[in-house]
Amino acid sequence: MSIEKLSPSRESTTNALRAPSRRGLLQTLVSLGTVGSLGGLGAAALVGCSRDEAKSASADAPAIVRKTGDKVAFKYPDNPSFDLIYLADQLGYFEGTNTRPQYVGKIAAPQIIPLVGTGEIDFGSRMVPLVISAIASGADLKVVAAGGKTLQEAPHMKYFVRKDSGILKPKDLEGKTIGFNSFGACAEFVTKKYLRQHGVDVNRINFVVVPDEQAEQTLVTRNTDLAIIHAPFSGRADHADALVRLWSDFDLDGGLGGMAPYSAHGRFIREHPEAVRDVVTALAKAGNWVNANPEEARKLVAKRINMDLQNVDRYAYVEDLVVTEPPIEYYVDILQSEGKIPAGKVAVKDVYTNEFNPYAQAPSQPAAAKT
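Residues numbered from 1 in each chain as written. Predicted model: local features only at pLDDT ≥ 70, side-chain atom pairs only at ≥ 80, totals over all residues. Heavy atoms only, no water.

## A short note on the sheet that holds strand β7 (residues 177-180)
Part 1 of the reasoning: Across the sheet, five strands lie side by side as β8-β7-β9-β6-β10; this open sheet has mixed pairing. Only two strands of the sheet have a single partner each, and these edge strands are β8 (206-209) and β10 (243-248). Going from strand to strand, the sheet's axes swing by 25 degrees on average, the running direction of each strand aside.
Part 2 of the reasoning: As defined by bridge partners, strand β6 (residues 157-162) adjoins strand β9 (residues 226-230) across four bridges and the pair is classed as antiparallel. Bridged to M157 within β9 is H230.
Part 3 of the reasoning: The strands touched by helix α7 (residues 186-197) within the sheet are β6, β7, β8, β9 and β10, with β6 carrying the most contacts at an inclination of about 70 degrees. (Pairing = 2+ DSSP bridges. Helix = DSSP H or I, 4+ residues; strand = E, 2+ residues; numbered from the N terminus. Axes fitted to C-alpha atoms, helices over the stretch in contact; angles between N-to-C directions. Contact = heavy atoms within 4.5 Å.)

## With respect to the sheet that holds strand β12 (residues 316-317)
Part 1 of the reasoning: Strands sit in the order β4-β11-β5-β12 across an open sheet of four strands; the sheet is antiparallel. Edge strands, defined here as strands with exactly one partner in the open sheet, are β4 (123-125) and β12.
Part 2 of the reasoning: Pairing between strand β5 (residues 141-149) and β12: two bridges, direction antiparallel. Bridged to G148 within β12 is Y317.
Part 3 of the reasoning: Sheet strands touched by helix α6 (residues 128-136): β5 and β11 (260-265). Its angle to β5, the strand with the most contacts, is close to 170 degrees.

## Looking at the environment of N203
Part 1 of the reasoning: If you trace the backbone, N203 turns up in the loop between α7 and β8.
Part 2 of the reasoning: According to the relative accessible area criterion, N203 is exposed, its value standing at 72%. (Buried < 20%, exposed > 50% of the residue type's maximum accessible area, 1.4 Å probe, protein only.)

## Some points on the pairing of β7
Part 1 of the reasoning: Across the two faces of β7 the burial is the same, with T177 and G179 and I178 and F180 all buried.
Part 2 of the reasoning: Direction of pairing for β7 relative to β8: parallel, over a ladder of four bridges. Of the residues in β8, the one forming a bridge with F180 is V209.
Part 3 of the reasoning: Between β7 and its parallel partner β8, the chain crosses via α7, and the hand of that crossover is right-handed.
Part 4 of the reasoning: In the sheet, β7 pairs with β9 via two bridges, with the strands oriented parallel. Note on β9: the bridge partner recorded for G179 is A227. (Right-handed = clockwise from strand over helix to strand, strands pointing away.)

## Focus on the packing of aromatic side chains
Part 1 of the reasoning: Applying the stated criterion across every chain yields a total of 14 aromatic pairs.
Part 2 of the reasoning: For the pair F180 and F183, a centre-to-centre distance of 5.1 Å together with 85 degrees between the ring planes defines the contact as edge-to-face.
Part 3 of the reasoning: A relative accessible area of 0% means that F180 is categorised as buried.
Part 4 of the reasoning: What makes F183 partly exposed here is its relative accessible area of 23%.
Part 5 of the reasoning: Judged by centre distance (5.3 Å) and plane angle (65 degrees), the ring pair of Y194 and W247 falls under edge-to-face. (Phe/Tyr/Trp six-rings, centres within 6.5 Å; stacked < 30°, edge-to-face > 60°.)

## Looking at the nonpolar core
Part 1 of the reasoning: In this structure, I132, I328 and Y331 are the most contacted members of the largest nonpolar core, which totals 57 residues.
Part 2 of the reasoning: Looking at which element gives the most residues to this core, the answer is α6, with seven residues.
Part 3 of the reasoning: In this structure, A231, A237, W289 and Y315 belong to the second largest nonpolar core, which totals 50 residues. (Core = buried A, V, L, I, M, F, W, Y, C linked by side-chain atoms within 4.5 Å.)

## Side note on the side chain of R298
Part 1 of the reasoning: Turning to its location among the elements, R298 is positioned in helix α13 (residues 294-305).
Part 2 of the reasoning: At 2.5 Å, the side chain of R298 and the side chain of E295 are in polar contact.
Part 3 of the reasoning: Non-local contacts of R298, meaning those with residues more than four positions away in its chain, are made with L309, Q310, V312, D313 and R314. (Polar contact = N/O pair within 3.5 Å; in protein donor to acceptor, adjacent residues only side chain to side chain.)

## Here's the deal with unusual backbone geometry
Only a minority of non-glycine residues have a phi that is not negative, and only a minority of peptide bonds are not trans.
Part 1 of the reasoning: The linkage connecting A231 with the following residue, P232, adopts the cis geometry, with an omega of 5 degrees.
Part 2 of the reasoning: For P232, the position within the fold is in the loop between β9 and α9 (234-238).
Part 3 of the reasoning: One non-glycine residue, D320, adopts positive backbone phi at about 65 degrees.
Part 4 of the reasoning: Here D320 shows up in the loop between β12 and α14 (326-337).
Part 5 of the reasoning: The backbone of L321 sits at a positive phi, close to 55 degrees, despite the residue not being glycine.
Part 6 of the reasoning: Overall, L321 belongs to the buried group, its relative accessible area being 0%.

Shape descriptors only; they carry no functional weight alone.
Right under this line is the structure:
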């Protein structure tokens, strides 16, 4: 299938993506709590960057865009997860383009958006509220493609308790400990919004950060009372004898808060618009392939993360990865109501662009036609 080349407006992109001081941005992100919940090594790594910027050019965290021959290499985390970059790479969707992923090692989830915002990595996939908060703090990034979506049969995250916990309804969580993968993202804000709607005093709940791959074990060993676990790892908890699923995020908000988009650093967008288009096109193809072939996708991910196939939860993706505004507005409203950003600080249109998505202005095609 031929894809019409879209010409993004350089002027609008440049005006929307001003690069702030990297030192100042890191300090602001830490002070606002965007990365303040990293804990241990993650927080130390980011604070270290703000103290000694020369270290950011090390081999572990390259700070410049590199080229391999005539190929533009974009820096991306190499994490054990269900991710369209890895699938697009494996499915060959970068072939025939001048763009290739350059995997820079594992990066803890709470660090991804701060590092995209400073250009330590070029692309990252994390939830909308983290992107909004980063933009409000002066970060130089923008959502360029929608990502995962929540369906009843394929939720973005699931809520688990021990069978003997006695926790059956929201009010039962007062005085308990909830584990989730980071502050400032979907797990915190979707959960708090839902609990408040049911009369729960969230100040009486202890929220702690636990990586998704460790959340099930932390719950079983009684270090937490409820675990919020994202796919693909939530499938393992579904099969744990000692646990029971209480809710999914689809139960809480009908899936409105479940879009997990892909964001890019502003400098990379300005300097490599064709590469951004290559990445977004590959992501859209991979997302549509997953929707059409969910079981094959689960098999590829199971092999990648070395997990028993029956324990790998499936994912669903926004068709063509075209960004829509309701999921972004949902989180802008939440962040304002939570006092995390001032009213009017970030407009919905400041957060995203579809100008690099070749399917955004074209009629939707069957997944098979986009290979």
